[in-house]
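# Residue-level structure breakdown
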Amino acid sequence: MSGVRHRPRPTVTAVLHRLAPRTLRGRLSLVALTTAALLMLVLTVAFNAVAQRRLQHQADDELRARAAAVATTVDTSGTTVRVLETSHDDLLDTNVWIYAGRRLLEEPPAAGPLTRVADALAGRGGRRCVTADVHGPLRLCSQPVPGDRSEATVVTALDLSPYRSSADTLLLGSLALDAVMLACTYALTRLAVGRALRPVRTMTDQAIQWSAVASEERFGSTGHPAELARLGTSLDAMLDRIRTLLRHERQLTGELSHELRTPLSRIIAELDWWQTRPRTTGQTRATHRVIADAAESMRAICDTLLDDARGATLTAPGTAEVLPALHRLTELLDVPSHLAVTAGGPRLQAGVPTALLERIVSPLLANACRYARTGVTVHAYRTPDGVRIDVTDDGPGVPPPFAARLFEPGQRADPGDGHHGAGLGLPLARRLARSVGGEVTYDPGHTPGARFVVSLPAG
């Protein structure tokens, strides 16, 4: 039927792949077992071949010894060969043939077909041995008996069944020994590989533990075997990257929270004000405009910080009008009523996007408004290498011991001063300024109060 689909048969390679162990421990154990099996096979074949040859030599030696004993009963001193009567006549009854030339003189009783093999062996002359299978495995050897005037040949035979039995016993014993050795090899290999991989498993568990909590622990600080040194180095590098990513993630979260707090507070304040009592249509529209401006500011904040976190180019085409951006910031900030914020300077353009300019200056201006006593001054002017913006307040200033840690994330001079800052604004301003080739610095020589200087490329 055309609608019936035939499932393809699995190939030998696919079957072997399915049967292969899934773990490294199992694969190494299988490789060791296969190697040991091949080696033992070669050794077993070689050992049994040597053993069989040795048993055959023993049989030939016994046959020649018997032939030499029989030769003492053969008289070849005359013109005819004679078999002497001795006390060893029982030797003639145990598979012994005596020939004068090619003529048979004596043969064992009931020799039957074996005599033909002895005749052929004697006819070939010299010392020779052959194996025949006549009513069981037999070994025959011929021994010439030289004389002065005549020659004779003695042929002796020996049953090889005991020797074959010994060879079979050796083969079975060696196979049993091979099986025991292979089982021991597999078990010891699994044990050894398991013990060898135990540090790897331990290091993996530790790496998972440390990465979950961004720990500063590293494998390089503890002793490990030389074989694991490279693994430890790689895990340390991976942990450093994870810790850096987690730190960047926390930093981005904190910065977004820090920057979004002001526009979000404006939205909440406007909604609370609008809901307190009925408003006119004009007041409602004004509230909508404020909320829309705050939402647009939040969107710009998110876009700017996310682009910076992703490593995007912040130097987008276009320039920012400095004074309009500064006036916009003074309007957006929740400035206390007793403060006077002024922004002045010539008409300037900075070679950065407007949203980025606001994000750089906003933390400085917010800090100045937070700590100023009577006024804050924002002054922008041109310099030979770009644009400079000074943010000055008449507050208590920065304590000299804290000045060195001023731009470190999460650092505050006085955490109990009643303000809810997180110590992220100044580091963010400096980082964003540096991303476009600018800088944010603190002027320790300005007194009273504090002065922060923003340097940006000109537009």
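Anyway, here's the lowdown on the structure attached to this text. (Residues numbered from 1 in each chain as written. Predicted model: local features only at pLDDT ≥ 70, side-chain atom pairs only at ≥ 80, totals over all residues. Heavy atoms only, no water.)

## Quick look at the overall build of the protein chain
Helix and strand counts for the protein chain stand at nine helices and 14 strands. Out of the 459 residues in the protein chain, the part that is buried amounts to 36%. Expressed as a percentage of contacts within the protein chain between residues at least 6 apart in sequence, the contacts between residues at least 24 apart total 62%. For the protein chain, the computed accessible surface area is about 27200 Å², with 57% contributed by carbon and sulfur atoms. (Helix = DSSP H or I, 4+ residues; strand = E, 2+ residues; numbered from the N terminus. Buried < 20%, exposed > 50% of the residue type's maximum accessible area, 1.4 Å probe, protein only. Contact = heavy atoms within 4.5 Å. Areas by Shrake-Rupley, 256 points an atom, 1.4 Å probe, with all protein chains shown as cover.)

## As for helix H3 (residues 114–124)
Of the residues making up H3, those classed as buried are Leu114, Thr115, Ala118, Leu121 and Ala122. Mapping the buried residues of H3 onto a view down its axis gives an arc of 125°, with all of them on the same face. Opposite the buried face of H3, at more than 90 degrees from it, the exposed residues are Arg116 and Arg124. Turning to H3, the residues buried within the fold contact strand S3 (96–100), strand S4 (103–106), strand S5 (128–133), strand S6 (137–145) and strand S7 (152–159). (Arc of directions from axis to C-beta.)

## Here's the deal with the sheet that holds S6
Judged by pairing direction, the sheet is antiparallel, and its five strands sit side by side in the order S4-S3-S7-S6-S5 without closing on themselves. What marks the edges here is a single partner per strand, and that holds for S4 and S5. Each strand of the sheet is rotated relative to its neighbour by a mean of 30°, with strand direction disregarded. Bridging between S5 and S6 involves six bridges; their strand directions are antiparallel. (Pairing = 2+ DSSP bridges. Axes fitted to C-alpha atoms, helices over the stretch in contact; angles between N-to-C directions.)

## Thoughts on the environment of cysteine 141
Inspection of the secondary structure puts cysteine 141 in strand S6. In this structure the C-alpha to C-alpha distance between cysteine 141 and threonine 131, which are 10 residues apart in sequence, comes to 8.9 Å. Beyond its immediate sequence surroundings of up to four residues, cysteine 141 is in contact with Asp60, Leu63, Leu121, Arg128, Cys129, Val154, Val155 and Thr156.

## A short note on unusual backbone geometry
Residue threonine 447 is joined to proline 448 through a cis peptide bond whose omega torsion reads -10°. With respect to the helices and strands, proline 448 occurs in the loop between strand S13 (439–442) and strand S14 (450–456).

## Let's talk about the nonpolar core
General note: in soluble globular proteins, nonpolar side chains tend to be found buried as a group. Core analysis: the largest hydrophobic core is formed by 41 residues, its most contacted members being Val322, Leu357, Ile389 and Phe452. Secondary structure elements with two or more residues in this core: helix H7 (322–332), helix H8 (354–371), strand S11 (375–383), strand S12 (386–393), helix H9 (425–435), S13 and S14. By residue number, the principal contributor to this core is H8, which donates eight residues. Beyond its immediate sequence surroundings of up to four residues, valine 322 is in contact with Leu348, Gln349, Ala350, Leu357, Ala380, Val387 and Ile389. Of all hydrophobic cores here, the second largest spans 13 residues; its members include Trp97, Tyr99, Leu114 and Ala132. (Core = buried A, V, L, I, M, F, W, Y, C linked by side-chain atoms within 4.5 Å.)

## A few points about the side chain of glutamate 358
Relative to the elements of secondary structure, glutamate 358 occurs in helix H8. Among residues more than four places away in sequence, those in contact with glutamate 358 are Ala325, Arg328 and Leu329.

## Description of the pattern of salt bridges
Between side chains of opposite charge, a pair can form when the charged atoms approach closely. Overall, the coordinates contain six salt bridges when judged by the stated rule. In this structure, the salt-bridge partner of aspartate 60 is arginine 139, at a minimum N-O distance of 2.8 Å. With aspartate 60 in helix H2 (residues 24–71) and arginine 139 in strand S6, this pair connects stretches of sequence that are 79 residues apart. With relative accessibility at 6%, the residue aspartate 60 sits in the buried group. (Salt bridge = Lys/Arg side-chain N within 4 Å of Asp/Glu carboxyl O.)

## Focus on a positive patch on the surface
Together, Arg25, Arg195, Arg198 and Arg201 line one region of the surface with positive charge. Relative to the elements of secondary structure, arginine 198 occurs in helix H4 (residues 161–213). We classify arginine 198 as partly exposed; its relative accessible area is 42%. (Patch = residues over 30% accessible without salt bridge, like charges linked within 9 Å, V, L, I, M, F, W, Y side chains within 5 Å. Lys, Arg positive; Asp, Glu negative; His and termini not counted. Charge placed at Lys NZ, Arg CZ, Asp CG, Glu CD.)

## Notes on the state of the cysteines
Taken as a whole and assessed by the stated rule, the structure comprises one disulfide. Shown here is the disulfide that connects cysteine 129 with cysteine 141, its sulfur atoms set 1.9 Å apart. Looking along the S-S bond of the cysteine 129-cysteine 141 disulfide, the torsion reads about 110°, which is the right-handed sense. Residue cysteine 129 is located in strand S5, and its partner cysteine 141 is located in strand S6; the two are separated by 12 residues in the primary sequence. Overall, the relative accessible area of 22% leaves cysteine 129 in the partly exposed class. (Disulfide = S-S within 2.5 Å.)

## Describing the environment of alanine 120
For alanine 120, the location among the structural elements is in helix H3. Alanine 120 gets classed as partly exposed once you look at its relative accessible area, which sits at 46%. For the pair alanine 120 and arginine 102, spaced 18 residues apart in sequence, the C-alpha separation works out to 9.3 Å.

## Here's the deal with the packing of H7 against H8
When two helices pack together, you describe them by how their axes are tilted relative to each other and by the distance separating the axes. Orientation of H7 relative to H8, taken along the N-to-C sense of each, is 50°, at an axis distance of 10 Å. Our classification of the angle between H7 and H8 gives oblique. The interaxial crossing formed by H7 with H8 has right-handed handedness. On H8, the residues that touch Val322, Ala325, Leu326, Arg328, Leu329 and Thr330 of H7 are Thr354, Leu357, Glu358, Val361, Ser362 and Leu365. Residue classes in the contact of H7 with H8 are distributed as seven nonpolar, three polar and two charged. (Parallel < 35°, antiparallel > 145°, perpendicular 65-115°, else oblique. Left-handed = near helix turned anticlockwise from the far one by under 90°. Nonpolar A, V, L, I, M, F, W, Y, C, P; charged D, E, K, R; others polar.)

## A look at the side chain of aspartate 390
Tracing the backbone through its elements, the reader meets aspartate 390 in strand S12. Residue aspartate 390 is classed as buried on the basis of its relative accessible area, which comes to 8%. One polar contact links aspartate 390 to arginine 388, side chain to side chain, over a distance of 3.1 Å. In this view, aspartate 390 contacts Thr377, Val378, His379, Tyr381, Arg451, Phe452 and Val453; residues no more than four positions away in its chain are not counted. (Polar contact = N/O pair within 3.5 Å; in protein donor to acceptor, adjacent residues only side chain to side chain.)

## Structural notes on the packing of H8 against H9
Between H8 and H9, whose axes approach to 9 Å, the crossing angle comes to 150°. In terms of orientation, H8 and H9 fall into the roughly antiparallel class. Seen along the crossing, H8 lies across H9 with a hand that is left-handed. Contacts between H8 and H9 involve Leu356, Arg359, Ile360, Pro363, Leu364 and Asn367 from the former and Gly425, Leu426, Ala429, Leu432 and Ala433 from the latter. Among the residues forming the contact of H8 with H9, the class breakdown is eight nonpolar, two polar and one charged.

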